[in-house]
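# Coordinate inspection notes
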Amino acid sequence: MLKASISTLYLHQRSLVFLIIFSELLLSANSTTHPADVQVLKDLKNGVDPRSIAPGSCLSSWDFSIDPCDNIFTDRFTCALRCDRLVLGLLRVTEITLDPIGYSAKLTSLSWNLPFLNTLDISDNSFSGLLPDSFSNLTRLRRLGLSGNSLTGEIPAILGSLPHLEELYLDNNRLHGPIPSSFNNLTRLKRLEIQRNYISGEIPNLGSLKNLYFLDASDNNISGGVPSALPLSLVELSMRNNKLRGNIPDNIDKIKFLQVLDLSHNMLYGAISSVLFKHPSLEQLTLSYNNFSLLQVPGDKGLNSSLIALDLSYNKLRGLLPAFMASMPKLAALSLEHNEFTGMIPAQYAVKAAVPGNDNTSSFERLLLGGNYLFGPIPGPLMGLKPGSADVSLVDNCLFRCPDAFFFCRGRDQKSLVDCKSFGPTIP
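Residues numbered from 1 in each chain as written. Predicted model: local features only at pLDDT ≥ 70, side-chain atom pairs only at ≥ 80, totals over all residues. Heavy atoms only, no water.

### Some words on the state of the cysteines
All told, the structure shown has four disulfides when counted by the stated rule. The disulfide partner of C69 is C83, and the gap between their sulfur atoms is 1.9 Å. Its S-S torsion of about -70 degrees marks the bond between C69 and C83 as left-handed, since a negative value means left-handed. Here C69, found in the loop between α2 (35-47) and β1 (81-87), pairs with C83, found in strand β1; they are 14 residues apart in sequence, far enough to count as distant. A relative accessible area of 9% means that C69 is categorised as buried. Judged by relative accessible area, which is 13%, C83 ranks as buried. Paired by a disulfide, C402 and C409 hold their sulfur atoms 1.8 Å apart. (Disulfide = S-S within 2.5 Å. Helix = DSSP H or I, 4+ residues; strand = E, 2+ residues; numbered from the N terminus. Buried < 20%, exposed > 50% of the residue type's maximum accessible area, 1.4 Å probe, protein only.)

### Observations concerning the sheet that holds strand β16 (residues 267-272)
One open sheet accounts for three strands, arranged β14-β16-β18; its pairing is parallel. The open sheet has two free edges, formed respectively by β14 (245-246) and β18 (291-295), since each of these has just one partner strand. (Pairing = 2+ DSSP bridges.)

### Notes on the pairing of strand β8 (residues 174-177)
Each regular strand displays side chains that alternate between the two surfaces of the sheet. Only one face of β8 is buried: it carries L175 and G177, and the other face, with R174 and H176, is open. Pairing geometry for strand β6 (residues 150-154) and β8, over three bridges, is parallel. Of the residues in β8, the one forming a bridge with E154 is H176. Note: β8 against strand β10 (residues 198-201), two bridges, orientation parallel. Note on β10: the bridge partner recorded for H176 is Y198.

### Re the side chain of S134
In this structure, S134 sits in the loop between β4 (128-129) and β5 (143-145). Beyond its immediate sequence surroundings of up to four residues, S134 is in contact with L110, S111 and W112. (Contact = heavy atoms within 4.5 Å.)

### Quick word on α2
Here α2 spans 18 Å end to end across 13 residues, near enough to the 18 Å set by a 1.5 Å rise per residue. Along α2, the residues that are buried comprise D37, V38, V40, L41, L44 and K45. Within α2, the buried residues cover an arc of 160 degrees as seen down the axis, which keeps them to one side. In α2, the exposed residues that point more than 90 degrees away from the buried face are P35 and N46. (Expected span 1.5 Å × (residues − 1). Arc of directions from axis to C-beta.)

### Some details on the nonpolar core
In this structure, I96, L120, F135, L276, M325, Y349 and L394 are the most contacted members of the largest nonpolar core, which totals 110 residues. For this core, the elements supplying multiple residues, two or more each, are α2, β1, β2 (90-97), β16 and α3 (347-354). With sequence-adjacent residues up to four places away left out, L276 is seen in contact with I248, I252, L261, L282, L285, L287 and L307. Within the second largest apolar cluster, five residues are counted, among which are Y373, F375, C398 and F423. (Core = buried A, V, L, I, M, F, W, Y, C linked by side-chain atoms within 4.5 Å.)

### A few points about unusual backbone geometry
Phi at K301 is positive, roughly 60 degrees, even though this residue is not glycine. Relative to the helices and strands, K301 is located in the loop between β18 and β19 (309-311). Despite not being glycine, H338 has its phi angle at roughly 55 degrees, a positive value. Relative to the helices and strands, H338 resides in the loop between β21 (333-335) and β22 (340-343).

### Some remarks on the environment of S393
Within the secondary structure, S393 sits in strand β25 (residues 391-393). On the basis of relative accessibility, which here comes to 13%, the residue S393 falls in the buried class. On a C-alpha basis, the gap between S393 and Q296 in space is 25 Å, while along the polypeptide they are 97 residues apart.

### Here we look at the sheet that holds strand β12 (residues 221-222)
Ordered in space as β4-β6-β8-β10-β12, the five strands form an open sheet in which the pairing is parallel. The strands lining the two open edges of the sheet, one partner per strand, are β4 and β12. Pairing geometry for β10 and β12, over two bridges, is parallel. Counted as the bridge partner of G201 is I222 from β12.

### Looking at the side chain of N184
Its place among the elements puts N184 in the loop between β8 and β9 (191-193). For N184, a relative accessible area of 17% corresponds to the buried category. With residues up to four places along the chain from it excluded, the contact list for N184 reads N205, L206, G207, S208 and L209.

### Observations concerning the packing of aromatic side chains
For the structure shown, the criterion picks out nine aromatic pairs. The ring centre of F214 lies 3.6 Å from the NZ or CZ of R191, which sits over that ring. K352 extends its terminal NZ or CZ atom over the ring of F364, reaching a point 5.3 Å from the ring centre. (Phe/Tyr/Trp six-rings, centres within 6.5 Å; stacked < 30°, edge-to-face > 60°. Lys NZ or Arg CZ within 6 Å of the ring centre and 35° of its normal.)

### Looking at the pattern of salt bridges
Counted under the stated rule, the structure contains 14 salt bridges. A salt bridge links R191 to E193, with the nearest nitrogen and oxygen atoms 2.7 Å apart. One exposure class covers both R191 and E193, and it is buried. Note that R240 is salt-bridged to D219, the shortest N-O span being 3.7 Å. Linking R240 in the loop between β13 (236-238) and β14 with D219 in the loop between β11 (214-216) and β12, this pair joins segments that are 21 residues apart in sequence. In the salt-bridge network here, residues are joined through shared partners; they are R196, D219, R240 and D262. (Salt bridge = Lys/Arg side-chain N within 4 Å of Asp/Glu carboxyl O.)

Structure below.
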């Protein structure tokens, strides 16, 4: 009798195990999302501080009692997810884009084992801690958006091992340390944003990045000189507010498609090379708040310049105002404020500000000359300007008369005669 009971119990146990296995197989058959991807999604939601998951947010709708990829855009997986059918009929997660509502978590707590993920964007939230080495599992990643979080530590070198990466956004965090030299391996990279961090050291050699068109490394602690080995594909380069020293390399003209260059708020010095004024595509040049003392005049006198906006304010430029800048056909905004220019205001400047432009030549919509040592009378064409016709400022100079009746004289008085005479013998 006892033997029969044991046998019956054994049969019941086997039936229970079979039922469990059958149920799992049935669930797997009905599921269209790869189970490994489902686990990562579960880990992601479970790793986020539940207090930061607001009602109505994307993560609040994730309900794993149903299949994720099979229920995208329903009331239980409303957003933040994209899937594609790639392998053996199963759907794989190819995009995670979280809504910016302040999710809080440590990225290092996740495996990130999503081999088919193309896009990961968790920008403008409250993710913190280090960047995880497990990002190396994202071998098909094309876009990584981590902007506007509270990430700390150094940028891991493993990011340079993501062969398909095209866009990398690390800006507005608390990252420090150098830019990894492994970034030179990201040959498909098109856009790199690392601004507003605490990144230090010199810019590494990025010459292999043949597709990089946008680089913003502003508002960091980057030192050294302006790199001479920059990608020739660059269209926009900003390294504003760093600790760069030295000159701008003459081979900047080799970057044929460069349209925007901002190196303001650094410690650059010496001469501003003439190649910048005859660059074939450069439209916006900002070199304010540096220590430049000389301007090189281009051989073509600026006639072939593509510049539209030029800001050389807050430097140590001396001598007469460069007349060739009035000959730049497209130049519409010129700021030479707070330098050490002297002499009279060239008549060409006044004409370009007062006479409307045409199809071939732009007029000055902005002409800022305040804070220099300019003397003499105000050129006649400027006196006819009406408020709102152009943004012109001549304040804080040594002009013979600059009364408040002229809008471009308002805001600050002319320098005292003592200050003007102490500057140099050229001022009467």
